[in-house]
Structure formats: C-alpha cells, structure tokens
Amino acid sequence: MAEILVLVDHADGAVRKPALELLTLARRIGEPTAVVLGAGEAAASIAATAGEYGAATVYVADGAEFAERLVVPKVDALTQIAKDKGVAAVLVPSSGEGKEVAARVALRLGSGLITDAVELEAGEEGPVATQSVFAASYQVKSRVSQGVPVITVKPNSAAPEAAPAAGTVENVTVAFTGNAAKVVSRTPRVSTGRPELTESAIVVSGGRGVGAAEGFEVVEKLADSLGAAVGASRAAVDAGWYPHSNQVGQTGKQVSPQLYIAAGISGAIQHRAGMQTSKTIVAVNKDAEAPIFDLVDYGVVGDLFEVLPQLTDEIGAR
Amino acid sequence: MTLRIAVCVKYVPDATGDRGFADDLTVDRDEVDGLLSELDEYAVEQALQIAEEADEAEVTVVTVGPDDAKDALRKALSMGADKAVHVNDEDIHGTDVIGTSAILAKALEKTGFDLVVCGMASTDGTMGVLPALLAERLSLPQVTLLSEISVEDGLVKGRRDGDAATELLEAPLPAVVSVTDQSGEARYPSFKGIMAAKKKPVEELDLDDLGIDADEVGLAGSWTLVESAAARPARTAGTIVTDEGDGGKQLATFLSSQKFI
C-alpha cells in the first residue's frame, strides 16, 4: 500500500496529540509511516507511540541542527526521506513551523501544497482535503495535481484511534543543506497545567466583557472545572489582560474544539475566523445584540461575572 | 551603503464584506472591495522602522495582482515607502501560492534587495507559507513569524513566539523575514504622506519582463486543484435565554444534555 509520511511533532519527549490525529487520518489514504526528528533519547518511546497509532516504520534522525537551526533541517530530513522512500503523500501538523516546513518540502519535491485541512479522504486521483475558508463561511475541497501531495492538517481534525503496527525504527542520516537562521536561545513556554489551546477538546475564552486582567479569574475557574484550555479575544490581548499565545482568532490560534464557550466576546470577524468550526458553541454576553449569538448553539444574555461562577459551582456539584 | 528593503504586500478582499468564489473557483474579486492586507501593514511598519534606524535605506513595496492592487501599493507608499513594483498580467489569474512565490522571487531579484519583509500571512488565504517559499526559492535564510525585529551590523535578529517556546533568532543579510501583528502598531498615513504617495514611482512589470512563461502560472500552472467550494450550511438557530438569576444553572443543564459535564 502507498506510504503516507507523517511528521511526528513532539515536545518534552512526548508525542503531541495532533501527530496521533495525523496517523489516524493517514490510514484513510494509505499506510502510515512516521518521521521523528531531533528527539534525542526520547526517540525510542516516541517511535513506540507512533507504532501504537499505526506507523509501520518510524524514520528517526537526530542531530544538534534540529534545535540550533530554524525550519531548514526538518525540510532537509523530510525531503530526503520522501524521495528515498518514494512516499505517496506527506502530512504535517498545521502549526506555524509545520506549515513553513511543508511549504519548503513541497517546493523541493516539485509538489502542490495544501494547508490547514480539516478533513482528508481518499479520492480517485489522490487524497482530497477539505479546508474551511473565509472565516469558516465556505468549505473547499481540493487536491494536489502535481507531485507528491504535501498537506498540513489542523489540530482536532480527527479523534486519534490506536491501531497497533510494527513501528519498526529505521535510523536515517540526514545531509543538511545549511543556509538556515541560527536559534540563539530557546525559552520553553511555562506550562499553566491547562491543556494546549489548539489541542483541547474544550476551550473557554474571555473578551472585552471580562473588563480587566483580574477578570480572567472567573474564566480560568470555569476552564479548570471543565479541564479546558483558556483563550482570549484580540481585544482582551491587545488590552494586555491575557498573553498573546492564548489569542483565538485570525491572527492568533485557530481552534476547533468539541465545545467553545465565549464569555464577554462580541464575535467580530477576526474572532469568528478562529473559532467558527468549533462543534458546539456557547456564549455569555450582556449585549443581546452581539453578533456571537448568531453562531451559538446555546447563549445566555447576562453578566458573565454572575453566570460563569454559577456554572462553575454547578459543574463542581455534579 | 544603502540598505535595500523590499516589502511583499497583498491586495485582498475586505474581510468584513461578503467574500465568495467565482465560477472558476477562484476568489471572486468583483463582488467585494479590496484593500492592503492588514497583516502586511505590520510588515510595512517594521520595514519603515528598520529604514529609519539605518544610515541610508530605501523601502520598495512589491505586489502581484490585478489593476486594483495598486490601491494596496498606494497605501504602503502613503505610509512612507519610497517606491513600488507591481507585477500585473492577465495570465496570473488563478495562480496558487507556489506560483506566486515564483513570480515574487523573480520580481525581487530584478528589483534588488538586502532584506525582504513579509506579513505573517495574508488575511484571505491565511496560509502563512509565502515567506518560507521565497526563502527556499532565493536560497536565503528565513527568519519568520517575528514579534520583534532589528537589523544591525549586517545581521537580522528577531524573536519568534512559537507554540512551545520563544526563540531568539539571527541570520546574516540578505534574508527573508516575516512579522506578526505583535511586532508593533502600524502607523496611519498622514495627509502629507498621502499627497506624496501620488508622486512616487510605481514600476509595472508583466510575466515577459520576468522571463516567466504563462503556462507556469495561473490556474493551468497551479499544482493544486480546487474541486468544489460550498457555502457552509447556515447554523440552525440556537437557544438563547436571558439570565434571571439562574442562567448558569440553565447553561449547566444544556452542557449536561450534550454530555460535556
């Protein structure tokens, strides 16, 4: 069967959830194999996890370049493996870096590129990807018409399903091409203990209606009661109430959770572009005319400082 | 030595308008007004700031697009860029990002540059891959998705706030950079700037000028194929209640009915 190469994203020595989603999606269009880059001693356990989720072979490459140089070493590795193994498609997570890696790999392979797919299915002429565009007002289906399809897939596009496969490790020596920017220093993001925003099944976001940085406490308490990630609108981030890394919207993170709760968010186009593909949408806002209410499955017109704590207490009591 | 800064900008449909697709499944540009992509304003701003810090610098804005794309160039010129390059050719219609990067790379080579500055993504396609493709085509280092940027002693330095970590990056010039909306508010054009922009040179180039064959670009030259584009079905109207003291409890009941709690 056709080999579908999946770049396995990892952090702190563990596989990140979007990689498991990609392995799951890859099984729909062929036989998944995995690439694990720069994981050091964690490579063996990461490869084992990839095997549990369906990777027949796991290509492992290590080297200081992956940490010390930006993007290009990963491009070198993926391109080399894709060419050597004659793969049928390359799947990469839709992160900022993932998309850049995919773009350069596509160019080197002479292949078309599709980014931010939310669905993947087998077609007669290769994989067909669904994208959600124009602030999720349109669904576009497209495919790559030249070369080996290179496709990036958004987190939460599939539920990871275990499917034990051999997971045979094959070590690869990569010929690095150079010409990459130097990473002078790297400061890992301090973990809040909450789920990663783009990966979480539930997201609770606060906006202008939260009123102040301290106001986010009620948002965080609700999020913690649900095991959810915390998001913020651009207005709240621009006001300095919450970090930019938590911004949901066109210029922030694009999220697609099972449940999205918008508190004190009016629902401007910028924000909608980042959350409109959420499966269930709930809003709490004082303004009954707020455009967010056009999107919701359930809306409460009311003061978030009363509604959210009451909801949090209810969840705690159940 | 003059520091030559080229800024790549895009003319995009206004996101507050009703965006859609034409019969050939390309973006319908007739039904909605266009403007300079908001995220490119940050690129123009950072280019102008870098130029202001340099002893001697020149900022050129470059775009690929139809006649109306001149509006995007005028906006950048009125903010303070020195000159503009407009690649315009009817055979470009329908070109995908890989093709666009080929055209821009040729235009940049023809114009000459020490630093290429891009926005983090366009506000229409939102792919965010053009800067990486340009770096690949021009065989230059990419220093992308920067929230802070500076140029000194022939080096470009910047801060990239990624999902998992914040990285400090550097590369020698020439290089391709992209900046995020965290890099600093873009200035508004002054009246003087708007008047001055009318006199600034806009160089027109077509595919022949760049030595690109028509069949390498456009819909026919695209390496991807859109099979269908459909408006997302309207959401069925949700339940909306007004809080009269038990709004949180009612919401809990809804979330419970959906098995979230």
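Everything numeric here is computed off the predicted structure, so don't read it as measured data.

1. Considerations on the confidence of the model for chain B
This prediction gives chain B a mean pLDDT of 94; 100% of its residues lie at or above 70. Predicted complex, confidence summary: ipTM 0.94, pTM 0.93.

2. Focus: the pairing of strand 10 (residues 175-179) of chain B
Residue and element names in this part refer to chain B. Burial analysis of strand 10 places 5 of its 5 residues in the buried class, which makes it a mostly covered element. Here strand 10 shows a buried face lined by A175, V177 and V179 and a second buried face lined by V176 and S178. Alignment of strand 6 (residues 115-119) against strand 10, held across 5 bridges, turns out to be parallel. Across the sheet, the residue bridging to V117 is V177, located in strand 10. Taken together, the 3 bridges between strand 7 (residues 142-152) and strand 10 define a ladder with parallel strand orientation. When the sheet's bridge partners are listed, V143 is paired in strand 10 with V177.

3. Focus on the nonpolar core
Residue and element names in this part refer to chain B. In this structure, I5, V7, V61 and L134 are the most contacted members of the largest nonpolar core, which totals 101 residues. Take this core: its biggest share by element is 8 residues, from helix 1 (residues 38-53). Apart from residues lying up to four places away in sequence, V61 is in contact with V7, V9, V44, L73, A76, L77, A81, K83, A84 and V85.

4. Comments concerning the pattern of salt bridges
Proximity of charged atoms lets side chains of opposite charge pair with each other. All names here are of chain A. Counting across every chain of the model gives 32 salt bridges over all chains. Residue R234 pairs with D238 through a salt bridge whose shortest N-O separation is 3.5 Å. With R234 and D238 both in helix 7 (residues 234-238) and 4 residues apart, the pair spans about one turn of that helix. Look at R234 and you get buried, because its relative accessible area is 15%. R318 is the partner of E314 in a salt bridge, and the nearest nitrogen-oxygen pair spans 3.4 Å.

5. Digging into the sheet that holds strand 13 (residues 202-206) of chain A
Spatial ordering of the open sheet is given by 14(A)-13(A)-15(A)-16(A)-17(A)-13(B), a layout of 6 strands whose pairing is parallel. This sheet does not close on itself; its edge strands, each paired only once, are strand 14 (229-232) of chain A together with strand 13 (239-242) of chain B. In this sheet, adjacent strand axes meet at a mean angle of 15° when their direction is disregarded. Where strand 17 (residues 298-301) of chain A and strand 13 of chain B come together, 4 bridges link them in parallel fashion. Of the residues in strand 13 of chain B, the one forming a bridge with A:G299 is B:I240. Sheet contacts for helix 6 (residues 216-226) of chain A: strand 13, strand 14 and strand 15 (259-263) of chain A; angle to strand 13 of chain A, the most-contacted strand, approximately 175°.

6. Considerations on the sheet that holds strand 12 (residues 182-188) of chain A
Strand order in the open sheet made by the 10 strands is 12(A)-9(B)-8(B)-7(B)-10(B)-6(B)-1(B)-4(B)-5(B)-11(B), with mixed pairing throughout. Either end of the sheet is taken by a strand with one partner, and the two such strands are strand 12 of chain A together with strand 11 (202-205) of chain B. Along the sheet, successive strands turn relative to each other by an average axial angle of 30°, direction set aside. Relative to strand 5 (residues 83-87) of chain B, strand 4 (residues 57-64) of chain B is paired through 5 bridges, and the arrangement is parallel. When the sheet's bridge partners are listed, B:T60 is paired in strand 5 of chain B with B:K83. The sheet strands contacting helix 5 (residues 96-109) of chain A are strand 7 and strand 8 (155-161) of chain B, and the helix crosses strand 7 of chain B at an angle near 95°.

7. Quick word on the packing of helix 5 of chain A against helix 4 (residues 130-138) of chain B
Taken N-terminus to C-terminus, the directions of helix 5 of chain A and helix 4 of chain B make an angle of 40°; their axes are 8 Å apart at the nearest point. Comparing the axis directions of helix 5 of chain A and helix 4 of chain B gives the class oblique. The handedness of the crossing between helix 5 of chain A and helix 4 of chain B is right-handed. Mapping the contact onto sequence places A:E100, A:A103, A:R104, A:L107 and A:R108 in helix 5 of chain A and B:A132, B:L133, B:A135, B:E136 and B:R137 in helix 4 of chain B. Residues that form the contact of helix 5 of chain A with helix 4 of chain B fall into these classes: 5 nonpolar, no polar and 5 charged.

8. Overview of the interface of chain B and chain A
Contact residues are listed per partner, giving 76 residues for chain B and 83 residues for chain A. Three residues, B:D163, B:W223 and B:R235, lead the burial of chain B against chain A; their summed loss comes to 11% of the area buried on that side. The interface formed by chain B and chain A holds 7 salt bridges in total. Connecting chain B to chain A are 41 residue pairs in polar contact (both at pLDDT 80 or more). At the level of elements, helix 1, helix 4, strand 7, strand 8, strand 9 (165-172), strand 12 (224-231), strand 13 and helix 8 (247-257) of chain B are the ones that each hand at least two residues to the side of chain B that touches chain A. Split into classes, the residues belonging to the side of chain B that touches chain A amount to 35 nonpolar, 24 polar and 17 charged.

9. Digging into helix 4 of chain B
All names here are of chain B. Taking burial as the measure, the 9 residues of helix 4 include 8 buried ones, the bulk of the element. Those residues of helix 4 that sit buried are L130, P131, A132, L133, L134, A135, E136 and L138. In the segment just after helix 4, S139 is the residue with positive phi, at about 55°.

10. Description of the state of the cysteines
Residues and elements named next belong to chain B. Per the counting criterion, the structure on display carries 0 disulfides over all chains. Lacking any disulfide linkage, C8 is separated from the closest cysteine sulfur, that of C118, by 4.1 Å. Judged by its relative accessible area of 6%, C8 is buried.

11. Points about the side chain of A:S157
All names here are of chain A. With respect to the helices, strands and loops of the structure, S157 is situated in the loop between strand 10 (150-153) and strand 11 (168-171). Taking relative accessible area as the criterion, S157 reaches 14% and is therefore assigned buried. From its side chain, S157 meets the backbone oxygen of K154 in a polar contact 2.7 Å long.

12. Some thoughts on a negative patch on the surface
Residues and elements named next belong to chain B. Judged by side-chain charge, E203, D208, D209, D213, D215 and E216 come together as a negatively charged surface patch. Mapping E216 onto the fold places it in the loop between helix 6 (207-210) and helix 7 (218-221). Classification of E216 by relative accessible area gives partly exposed; the value is 44%.

13. Points about a nonpolar patch on the surface
All names here are of chain B. A cluster of nonpolar side chains, F191, I194 and M195, forms an exposed patch at the surface whose accessible area comes to about 310 Å². Here I194 shows up in helix 5 (residues 191-197). With a relative accessible area of 38%, I194 lands in the partly exposed category.

Rules of the game
- The numbering scheme is per chain: residues are counted from 1 as the chain's sequence reads.
- By the order in which they are written, chains take letters starting at A while ligands take numbers starting at 1.
- Per-residue local features of the predicted model are confined to residues with pLDDT of at least 70, and side-chain atom pairs are confined, for both listing and counting, to 80 or more; whole-chain, interface and lining totals are unaffected and use all residues.
- Hydrogens and water are ignored here; the side-chain numbers use all heavy atoms of the structure.
- The quantity known as pLDDT measures the predictor's confidence residue by residue, on a range of 0 to 100.
- Between buried and exposed lies partly exposed: a residue is buried under 20% and exposed over 50% of the maximum accessible area for its type, with that area taken using a 1.4 Å probe on protein chains only.
- For helices the rule is a DSSP run of H or I covering at least 4 residues; for strands it is a run of E covering at least 2, with both sets numbered from the N terminus onward.
- The pairing criterion is simple: DSSP has to find at least two bridges between the two strands.
- Take the buried residues of types Ala, Val, Leu, Ile, Met, Phe, Trp, Tyr and Cys, join any two whose side-chain atoms come within 4.5 Å, and each joined set is a nonpolar core.
- By definition in these notes, contact holds between two residues if any of their heavy atoms fall within 4.5 Å.
- We count a salt bridge whenever a side-chain nitrogen from Lys or Arg sits within 4 Å of a carboxyl oxygen from Asp or Glu.
- As a rule, the C-alpha atoms of each element are fitted with a line to give its axis, helices using only the stretch in contact, and angles between N-to-C directions run from 0 to 180 degrees.
- The cut-offs work like this: below 35 degrees is roughly parallel, past 145 is roughly antiparallel, 65 to 115 is roughly perpendicular, and the gaps in between are oblique.
- Take the far helix as your reference; a near helix turned counterclockwise from it by less than a right angle gives a left-handed crossing, and one turned clockwise gives a right-handed crossing.
- The classification used treats Ala, Val, Leu, Ile, Met, Phe, Trp, Tyr, Cys and Pro as nonpolar, Asp, Glu, Lys and Arg as charged, and all other residues, Gly among them, as polar.
- Each of two parts loses accessible area, computed with a 1.4 Å probe, when they are put together; buried area is these two losses added.
- Pairing of N or O atoms within 3.5 Å defines a polar contact, subject to two protein rules: one partner must be a possible hydrogen donor and the other a possible acceptor, and residues neighboring in sequence count only if both atoms are side-chain atoms.
- The disulfide criterion used throughout: a pair of cysteine sulfur atoms within 2.5 Å.
- Each patch is built from residues that are more than 30% exposed by relative accessible area and take part in no salt bridge. Like charges join if they lie within 9 Å; nonpolar side chains (Val, Leu, Ile, Met, Phe, Trp, Tyr) join within 5 Å.
- The Shrake-Rupley method, run with a 1.4 Å probe sphere, supplies the accessible areas, and residue values consider only the shown protein chains as cover.
- For this count, His and the chain ends are skipped, Lys and Arg are scored as positive, and Asp and Glu as negative.
- All charge positions are set by atom: Lys at NZ, Arg at CZ, Asp at CG, Glu at CD.

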